[in-house]
Amino acid sequence: MKKKVWIFNHYAIPPKVGGITRHFDFAKQLAERGYSVTIFASSFDHKQRIEMLEKGKKFKIEEYEKVKFVWIKTFPYKKNDIKRLFNIFSYAKNLYFIARKFERPDVILASSFHPLAWIVGYLLSKKFKCRFIAEVRDLWPQSGIDLGALKEGSIIVKLLRSLEKFIYTKADYVVTVLPKADQYIESLGIDKKKIVHIPNGCDIERFDGLKNVFSEEAKKILDEHEGYFKACYLGALGQANAMETIIEAAKIVQERAQNNIHFLIIGDGPEKEKLENMAKDLGLKNVFFYSPISKLSVPSLLKGVDITLVSMHNLKVYRFGISLNKLFDYLCAAKPIVFAGNVANDIVKESGAGISCSSYDSKAFAEAILSLYAMPKEERERIGQKGREYAQKYHDIKMLADRLEKIL
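Residues numbered from 1 in each chain as written. Predicted model: local features only at pLDDT ≥ 70, side-chain atom pairs only at ≥ 80, totals over all residues. Heavy atoms only, no water.

## Some details on the domain arrangement of the protein chain
- Segmentation of the protein chain into domains returns domain 1 (4-203 + 396-406) and domain 2 (204-395).
- A straight line from the C-alpha centre of domain 1 to that of domain 2 covers 27 Å.
- The partner domain 2 presents 32 residues to the 35 residues of domain 1 that form the contact.
- Summed over both partners, the interface of domain 1 with domain 2 buries about 2,800 Å², with 56% contributed by carbon and sulfur atoms.
- Linking domain 1 to domain 2 there are three salt bridges.
- Summed over the shared surface of domain 1 and domain 2, the result is 15 residue pairs in polar contact (both at pLDDT 80 or more).
- When residues of the side of domain 1 that touches domain 2 are traced back to their parent elements, those giving at least two are helix H1 (22-32), helix H4 (142-147), helix H6 (181-186) and helix H16 (397-407).
- Grouping the amino acids of the side of domain 1 that touches domain 2 by side-chain chemistry returns 17 nonpolar, eight polar and 10 charged. (Domains from an automatic or database assignment. Contact = heavy atoms within 4.5 Å. Buried area = accessible area lost by both parts, 1.4 Å probe. Salt bridge = Lys/Arg side-chain N within 4 Å of Asp/Glu carboxyl O. Polar contact = N/O pair within 3.5 Å; in protein donor to acceptor, adjacent residues only side chain to side chain. Helix = DSSP H or I, 4+ residues; strand = E, 2+ residues; numbered from the N terminus. Nonpolar A, V, L, I, M, F, W, Y, C, P; charged D, E, K, R; others polar.)

Given below as structure tokens:
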């Protein structure tokens, strides 16, 4: 009989809503192979800031394509302030007591969108005497230090460093999303044999099945920009996304190409209002903001755009590489990518899927957009196809699920 697997991810979602579906995609693959998979996630949608549970309920169980979701009540919040910390702590506390009510798993995989999921995963693995896998999505506390949110040498950083080493030591395996994170983890004295790199990817089969199914939300956006060259950013609008580079590039593009190139910024996050004000202050007529769309609408939306955009900060932590979900959607859609970032693994450059430049270089970013705009459509399609081939070779979710299954 195949194993029972629990996945702890505060922000996990099915593809019917907008956000990161990594763990649903893995869970679906495992379920098709006979595993019983349960994902424990927050019932508070942190993208739209809405509660999914009825008043008075502590949790709810739903099934989506053979994957069981346990939606756990957490503290609501609007901004990245103290209330978000309450949200994080409430997830960990409620997860610990609610998960104990379920039948014993064989494996617990806890994902570090924040380290408290690790703690609960470890404690429950001891209670149930099952295997424990720690997934490292962000290198805590190093990511926080490089973003300026945490200070090296502070008490909180010392505690987090002690916690990460403890978890890496106790875990049966450590799954890294970043390609070079093993160097960082090994530097803490962790055996490299227990470190496994499983990057983000794309469910290519689902993606292709939805390319020609135009949802209302995707169709509405595309119809509003029919006849224009569409440059699309799809994803979070937070401090980590360096969106100012894209807005500044839009200013240059507007001056050079008038209103022929439209920037579609689709997503939400704490920086959205600031970015909207920035575009307004710059007098931009070519930048358009939209609410997040569901993962199921992404393929048809991307089919209708011309190029895609990614911009990143220049952070030391990127020496360990990146694994952006939006990047794999772009590659899968076979759309040329304009990428700004100084990272250890420049997938855009490596695959030939677009044009790369340095972080914050809005002029070079704008020149790349204008270059693709002036290019014959057939040449853009050739560039986009290189990205598609790269995604098929290295980031198909079926292949990545094979890697995960080996350590389960």
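## Quick notes on unusual backbone geometry
- Pro141 follows Trp140 through a cis peptide bond whose omega is 5°.
- Within the secondary structure layout, Pro141 lies in the loop between strand E8 (131-136) and H4.
- Despite not being glycine, Lys66 has its phi angle at roughly 70°, a positive value.
- Note on placement: Lys66 falls in the loop between strand E5 (59-64) and strand E6 (67-72).
- Backbone geometry at Tyr360 places phi at a positive 70°, although glycine is not the residue there.
- You can see Tyr360 is positioned in the loop between strand E16 (354-357) and helix H14 (362-374).
- On the basis of relative accessibility, which here comes to 43%, the residue Tyr360 falls in the partly exposed class. (Buried < 20%, exposed > 50% of the residue type's maximum accessible area, 1.4 Å probe, protein only.)

## Quick look at the sheet that holds strand E12 (residues 261-266)
- Spatially, E13-E12-E11-E14-E15-E16 is the arrangement adopted by the six strands of the open sheet, whose pairing is parallel. The sheet is open, and its two edges are formed by strand E13 (287-290) and E16, each paired on a single side. Within this sheet the neighbouring strands show an average axis-to-axis angle of 20°, counted without direction.
- As judged from the four bridges shared by strand E14 (residues 307-311) and strand E15 (residues 337-340), these two strands associate in the parallel manner. Within E15, the residue paired with Leu309 across the bridge is Val338.
- Each of strand E11 (229-234), E12, E14, E15 and E16 touches H14; the most contacted strand, E15, lies at about 170° to it. (Pairing = 2+ DSSP bridges. Axes fitted to C-alpha atoms, helices over the stretch in contact; angles between N-to-C directions.)

## Things to note about the UniProt feature "domain: Glycosyltransferase subfamily 4-like N-terminal" (unreviewed entry) in the protein chain
- This chain's UniProt record puts "domain: Glycosyltransferase subfamily 4-like N-terminal" (unreviewed entry) on residues 17-206.
- Each end of residues 17-206 is marked by a C-alpha atom, and these two atoms are 15 Å apart; helix forms 38% of the span and strand 22%. (UniProt positions renumbered as here; feature names shortened; annotations may be inferred.)

## Re the sheet that holds strand E1 (residues 4-8)
- Taken together, the eight strands give an open sheet; going across it, the order is E5-E6-E2-E1-E7-E8-E9-E10, and neighbouring strands pair in mixed fashion. What marks the edges here is a single partner per strand, and that holds for E5 and strand E10 (195-197). The mean angle between the axes of side-by-side strands here comes to 20°, regardless of whether they run parallel or antiparallel.
- Relative to strand E2 (residues 36-42), E1 runs parallel, the two sharing five bridges. Bridge pairing links Ile7 to Ile39 in E2.
- Those strands touched by H1 are E1, E2, E5, E6, strand E7 (107-111), E8 and strand E9 (173-176), and its axis lies near 165° from that of E2.

## Considerations on the nonpolar core
- Judged by nonpolar contacts, the single largest core of 112 residues is most densely connected at Phe8, Phe40, Leu301, Leu302 and Leu309.
- Looking at this core element by element, the count peaks at seven residues for helix H3 (residues 116-128).
- Within the second largest apolar cluster, 28 residues are counted, among which are Ala27, Ile133, Ile198 and Ile407. (Core = buried A, V, L, I, M, F, W, Y, C linked by side-chain atoms within 4.5 Å.)

## What to know about the UniProt feature "domain: Glycosyl transferase family" (unreviewed entry) in the protein chain
- Summarizing the sequence annotation, UniProt attributes the feature "domain: Glycosyl transferase family" (unreviewed entry) to residues 216-389 in the numbering used throughout.
- Measuring from the first to the last C-alpha atom of residues 216-389 gives 29 Å, for a span that is 45% helix and 17% strand.

## Brief notes about the packing of helix H9 (residues 244-257) against helix H10 (residues 272-281)
- Packing of H9 against H10 brings their axes to within 10 Å, and their N-to-C directions diverge by 15°. Considered as vectors, H9 and H10 are oriented roughly parallel to each other. Note on packing geometry: the crossing formed by H9 with H10 is right-handed. Contacts between H9 and H10 involve Glu244, Ile247 and Glu248 from the former and Lys274, Leu275, Met278 and Ala279 from the latter.
- In terms of residue class, the contact of H9 with H10 is built from four nonpolar, no polar and three charged. (Parallel < 35°, antiparallel > 145°, perpendicular 65-115°, else oblique. Left-handed = near helix turned anticlockwise from the far one by under 90°.)

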